[in-house]
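Chain and residue survey
Given next are the chains, with one letter for each unit.
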Amino acid sequence: MTAEQYDVPARPRGGRMPRRERRAQLMASALEVFVAQGYHAAAMDDIAERAGVSKPVLYQHFPGKLDLYVALLDQSCDAIIDNCRRALESTDDNKLRVHAAIDVFFEYVGSDTGAFRLVFESDLTNEPAVREHVDRVTTECAALIAHVIHDDTGLSGAASRLLAVSLVGMAQVSARFWLSDQGGIDRDDATALVAGLAWRGIRGYPLTDDQ
């Protein structure tokens, strides 16, 4: 099926552009097609048509569909992890840190691009290269959060990692539910609700009993 049959309009074919710009354009077009169709239904023909290029041009940049999909996963995973790092570094107030970290996932899931579907709702999770990238979001975000938990509570590294993974899981699952739910809660209110729940739990692990 063509891009038009999936309501993903093709771009007009254009002239030459610098390699970096062309790669970015191809990835943007591929993201739209993968989000609309899923990995298995998407075809390189659809992506080339959406980008307004010939298929040989697409193959000059990406040897195959999986390579293109993994490149998009890399981009999406890096964005989440970088945003999580910035959220934790944005303040020394741990209550605000929890809120900022939770909001990273709500903001990402709520993005108009739908890129979160590649990371959290991939139809290719049995592929080792894809599973590795999907798991990287949890492990690297949790590692960042675990460092803060350890410093603040004095818990062991293993305990800090377990709590951090729990926070990441809470954030991404609740964000995805919020997006699909028809309850009408806006993003700020939803983030505040989940962050409040997380903070009420994590603040129960002080460094000493009198804190």
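It should be emphasised that the depicted structure is a prediction, and the values quoted were computed from it without experimental measurement.

**Considerations on the UniProt feature "DNA-binding region" (unreviewed entry) in the protein**
- Under the feature "DNA-binding region" (unreviewed entry), the UniProt entry names residues 43–62.
- Counted over residues 43–62, helix gives 75% and strand 0%. Its end C-alpha atoms are 13 Å apart.

**Thoughts on helix H7 (residues 128–153)**
- Here H7 spans 35 Å end to end across 26 residues, near enough to the 38 Å set by a 1.5 Å rise per residue.
- Considering bend angle alone, the principal kink of H7 is centred on arginine 136 and spans about 30°.
- Within H7 the residues assigned to the buried category are Val130, His133, Val134, Arg136, Val137, Cys141, Ala142, Ile145, Ala146, Val148, Ile149 and Thr153.
- Where H7 is buried, its residues contact helix H4 (65–89), helix H5 (94–109), helix H6 (116–120), helix H8 (157–180) and helix H9 (187–202).
- Phi turns positive one or two residues past the end of H7, at glycine 154, with a value near 80°.

**Quick word on empty space enclosed by the protein**
- Under the definition given, this model contains 1 cavity of 30 Å³ or more.
- As a volume, the largest cavity reaches approximately 240 Å³.
- Taken together, the elements giving at least two residues each to the lining of the largest cavity come down to H4, H5, H7, H8 and H9.
- A total of 6 residues in the lining of the largest cavity trace back to one element, the largest contributor, which is H5.
- Broken down by class, the residue content of the lining of the largest cavity amounts to 14 nonpolar, 2 polar and 3 charged.

**Digging into the layout of surface pockets**
- What the second largest pocket holds in volume is close to 170 Å³.
- In terms of lining residues, the second largest pocket is bounded by Leu31, Leu72, Gln75, Ser76, Ala79, Asn83, Val104, Glu107, Tyr108, Ser111, Thr113 and Ala115.
- Those elements giving two or more residues to the lining of the second largest pocket turn out to be H4 and H5.
- Looking at the lining of the second largest pocket, the element that brings in the most residues is H4, giving 5 residues.

**So, the packing of H5 against H8**
- It is the contact of H5 with H8, at a shortest axis distance of 9 Å, that shows an interaxial angle of 35°. Read as a crossing pair, H5 and H8 show a hand that is right-handed. Of the residues in H8, those touching H5 at Ile102, Phe105, Phe106 and Val109 are Leu167, Val168, Ala171, Gln172, Ser174, Ala175, Arg176, Trp178 and Leu179.
- Here the contact of H5 with H8 is built from residues that sort into 10 nonpolar, 2 polar and 1 charged.

**A word on the pattern of salt bridges**
- The final tally for this structure, using the stated rule, is 9 salt bridges.
- In this structure, arginine 85 and aspartate 82 form a salt bridge, with 3.1 Å as the shortest nitrogen-oxygen distance. Of this pair, arginine 85 and aspartate 82 both sit in helix H4, 3 residues apart, which is roughly one turn of the helix.
- Here arginine 97 makes a salt bridge to aspartate 92, at a shortest N to O gap of 3.7 Å.
- Each of Asp74, Asp78, Arg136 and Glu140 takes part in salt bridges that share partners, so that together they form one network.

**Here we look at the nonpolar core**
- Core analysis: the largest hydrophobic core is formed by 61 residues, its most contacted members being Phe34, Leu68, Ile80 and Phe105.
- Of all the elements in the fold, those that place two or more residues in this core are helix H1 (19–37), helix H2 (44–51), H4, H5, H6, H7, H8 and H9.
- Summarising the domain contributions, this core has at least three residues from each of domain 1 (18–63) and domain 2 (70–204).
- If we ignore the near neighbours within four places in the chain, the residues touching phenylalanine 105 are Ile80, Phe120, Val137, Cys141, Val168, Ala171, Gln172 and Ala175.

**Quick look at the confidence of the model for the protein**
- Across the protein, pLDDT averages 85, with 90% of residues at or above 70.
- No element of the protein has a lower mean pLDDT than H6, which averages 80, and none a higher one than H5, which averages 94.
- In this model residues 1–9 is a low-confidence stretch, pLDDT under 50, and it forms 16 contacts with partners more than four residues away in sequence or in other chains.

**Description of H1**
- Between the first and last C-alpha of H1 there are 26 Å, a value that for 19 residues agrees with the 27 Å anticipated at 1.5 Å per step.
- Considered for burial, the residues of H1 that qualify are Arg22, Gln25, Leu26, Met27, Ser29, Ala30, Leu31, Val33, Phe34 and Gln37.
- Elements that come into contact with the buried residues of H1 comprise H2, helix H3 (55–61), H4 and H6.
- One or two steps after H1, the chain reaches glycine 38, where phi turns positive at roughly 85°.

Analysis parameters
- Residues numbered from 1 in each chain as written.
- Predicted model: local features only at pLDDT ≥ 70, side-chain atom pairs only at ≥ 80, totals over all residues.
- Heavy atoms only, no water.
- UniProt positions renumbered as here; feature names shortened; annotations may be inferred.
- Helix = DSSP H or I, 4+ residues; strand = E, 2+ residues; numbered from the N terminus.
- Expected span 1.5 Å × (residues − 1).
- Bend = angle between axes of the 7 residues up to and from the residue.
- Buried < 20%, exposed > 50% of the residue type's maximum accessible area, 1.4 Å probe, protein only.
- Contact = heavy atoms within 4.5 Å.
- 1 Å grid on protein atoms, 1.4 Å probe; cavity = no way out; pocket = protein on both sides within 12 Å on 5 of 7 lines; lining within 4 Å.
- Points joined across faces, edges and corners; volume = space filled by probe spheres on them.
- Nonpolar A, V, L, I, M, F, W, Y, C, P; charged D, E, K, R; others polar.
- Axes fitted to C-alpha atoms, helices over the stretch in contact; angles between N-to-C directions.
- Left-handed = near helix turned anticlockwise from the far one by under 90°.
- Salt bridge = Lys/Arg side-chain N within 4 Å of Asp/Glu carboxyl O.
- Core = buried A, V, L, I, M, F, W, Y, C linked by side-chain atoms within 4.5 Å.
- Domains from an automatic or database assignment.
- pLDDT = per-residue confidence, 0-100.

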